[in-house]
Amino acid sequence: KNQVEQSPQSLIILEGKNCTLQCNYTVSPFSNLRWYKQDTGRGPVSLTIMTFSENTKSNGRYTATLDADTKQSSLHITASQLSDSASYICVVSDPSGTYKYIFGTGTRLKVLA
Amino acid sequence: DTGVSQDPRHKITKRGQNVTFRCDPISEHNRLYWYRQTLGQGPEFLTYFQNEAQLEKSRLLSDRFSAERPKGSFSTLEIQRTEQGDSAMYLCASSSGTGASEAFFGQGTRLTVV
C-alpha cells in the first residue's frame, strides 16, 4: 500500500527558533513531492514541489529536501514566526498519474511567543 | 478569478437530509478534485474530473455520494441521506493538468451532521 508518513505528529517551538519536519513515503514509482501548509479551517496552500531529480527547494524561510533513494523528505523552517503555526502536510503524487495525490497526516506546528 | 471558490463554507444538517456543495475552480484549470478531511487527518481522495469527465472515484465515495461537472467548469458534490460519519471538511482543488502542475485548494466546506 502506498503510504506517506510524517513525524513528529505535533511540535511546539519558541518564536525565532528553527525546526525540521520529516516525511517518509513508500509510493513507487515516484513522480513528485509537495509540502503544503494548512491553517486551521482553511484549505492547504502549496509551499514547495520537487521532482525526483531535485534535492532541495527553498521558498523564503522554508527549505525542503528530498532523498529519492531513501524515500525521505524534510521541511526546514528557519527563524519561526507566530504565523507559521499550522499543519504541514507532505503530499506525494500517485504512481498511476500525477492527477491524484497521497497526503500524509501532517505535522501540527505551534509557535509560541 | 483569484482562486478556487467553495460554497458554502459551513453547513449544518440533520441526519438523513441531502446536502450539495459547489466548487468553482480556477478558470483555465481542466482538472478538478474532491477530497474529504476529518479532524487530525490529511485529505483523502474522493473523485477526479478532467474537464466534464469523471475519471476516477474512490471507494470512499459510497452510493450516497455523487459528483458532477456538467460543463467542465464548476462542480457539485451531493450527499444523500447524510450520516454523522459524513461530518468532515470537503475540499476541492484544481490544476492545469500539465506534468507536475500544482493543485490549488479551495477553503473547503465544513459539514456537520447532527
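Treat the numbers as computed from the prediction; the structure is a model and nothing was measured. (Residues numbered from 1 in each chain as written. Chains lettered and ligands numbered in written order. Predicted model: local features only at pLDDT ≥ 70, side-chain atom pairs only at ≥ 80, totals over all residues. Heavy atoms only, no water.)

Moving on: the confidence of the model for chain B. Of all residues in chain B, 96% have pLDDT values of 70 or greater, and the mean over the chain is 91. Per-element averaging of pLDDT across chain B places strand β6 (residues 53-57) of chain B at the bottom with 86 and strand β3 (residues 19-24) of chain B at the top with 98. (pLDDT = per-residue confidence, 0-100. Helix = DSSP H or I, 4+ residues; strand = E, 2+ residues; numbered from the N terminus.)

Attention now moves to the nonpolar core. With 24 residues, the main nonpolar core has V4(A), Y25(A), L33(A), W35(A), L75(A) and Y88(A) as its most contacted residues. Breaking this core down by element, the ones donating at least two residues are β3 (19-25), β4 (32-38), β5 (45-51), β7 (62-67), β8 (72-77), β9 (86-93) and β11 (107-112) of chain A. Not counting residues up to four positions away in its chain, the partners in contact with Y25(A) are Q3(A), V4(A), F30(A), L33(A), L66(A), D67(A), A68(A), K71(A), Q72(A) and V92(A). Core analysis: the second largest hydrophobic core is formed by 19 residues, V19(B), A67(B), A88(B) and L111(B) among them. (Core = buried A, V, L, I, M, F, W, Y, C linked by side-chain atoms within 4.5 Å. Buried < 20%, exposed > 50% of the residue type's maximum accessible area, 1.4 Å probe, protein only. Contact = heavy atoms within 4.5 Å.)

Residues and elements named next belong to chain A. Taken in spatial order, the five strands of this open sheet run β1-β3-β8-β7-β6, and their pairing is antiparallel. Lying at the two open borders of the sheet, with one neighbouring strand each, are β1 (4-7) and β6 (56-59). For this sheet, the mean angle separating the axes of adjacent strands, direction not counted, is 15°. Bridge count for β1 against β3 is four bridges, and the pairing is antiparallel. Within β3, the position partnered with V4 by the bridge is Y25. (Pairing = 2+ DSSP bridges. Axes fitted to C-alpha atoms, helices over the stretch in contact; angles between N-to-C directions.)

One pair of aromatic rings is described through two measures. These are the centre distance and the angle between the planes. Residues and elements named next belong to chain B. If you walk through the whole model with that rule in mind, you get 11 aromatic pairs over all chains. The interplanar angle of 40° and the centroid separation of 6.5 Å between the aromatic rings of Y33 and Y35 together place this pair among those described as tilted. When sorted by exposure, Y33 lands in the same class as Y35, which is buried. Between Y35 and F45, the aromatic rings sit 5.9 Å apart at their centres with planes inclined by 75°, giving edge-to-face as the arrangement. (Phe/Tyr/Trp six-rings, centres within 6.5 Å; stacked < 30°, edge-to-face > 60°.)

A few words now on the pairing of β11(A). Residues and elements named next belong to chain A. Alternating residues of β11 divide into T107, L109 and V111, all buried, and R108, K110 and L112, none buried. Relative to β11, strand β2 (residues 10-14) runs parallel, the two being bridged by five bridges. Residue pairing in the sheet places I12 in a bridge with K110 of β11. For β9 and β11, the ladder comprises three bridges, and the chain directions are antiparallel. Residue Y88 lies in a different strand from β11, and its bridge partner there is T107.

Scanning the entire structure with this criterion turns up two disulfides over all chains. Here C23(A) engages in a disulfide with C90(A); their sulfurs sit 2.0 Å apart. For the disulfide bridge between C23(A) and C90(A), the dihedral angle about the S-S bond is near -65°, and by the sign convention the bridge is left-handed. Taken together, the residues C23(A) in strand β3 and C90(A) in strand β9 connect sequence positions 67 residues apart. On the basis of relative accessible area, C90(A) is assigned to the buried category, the value being 0%. With its sulfur 1.9 Å from that of its partner, C23(B) forms a disulfide with C92(B). (Disulfide = S-S within 2.5 Å.)

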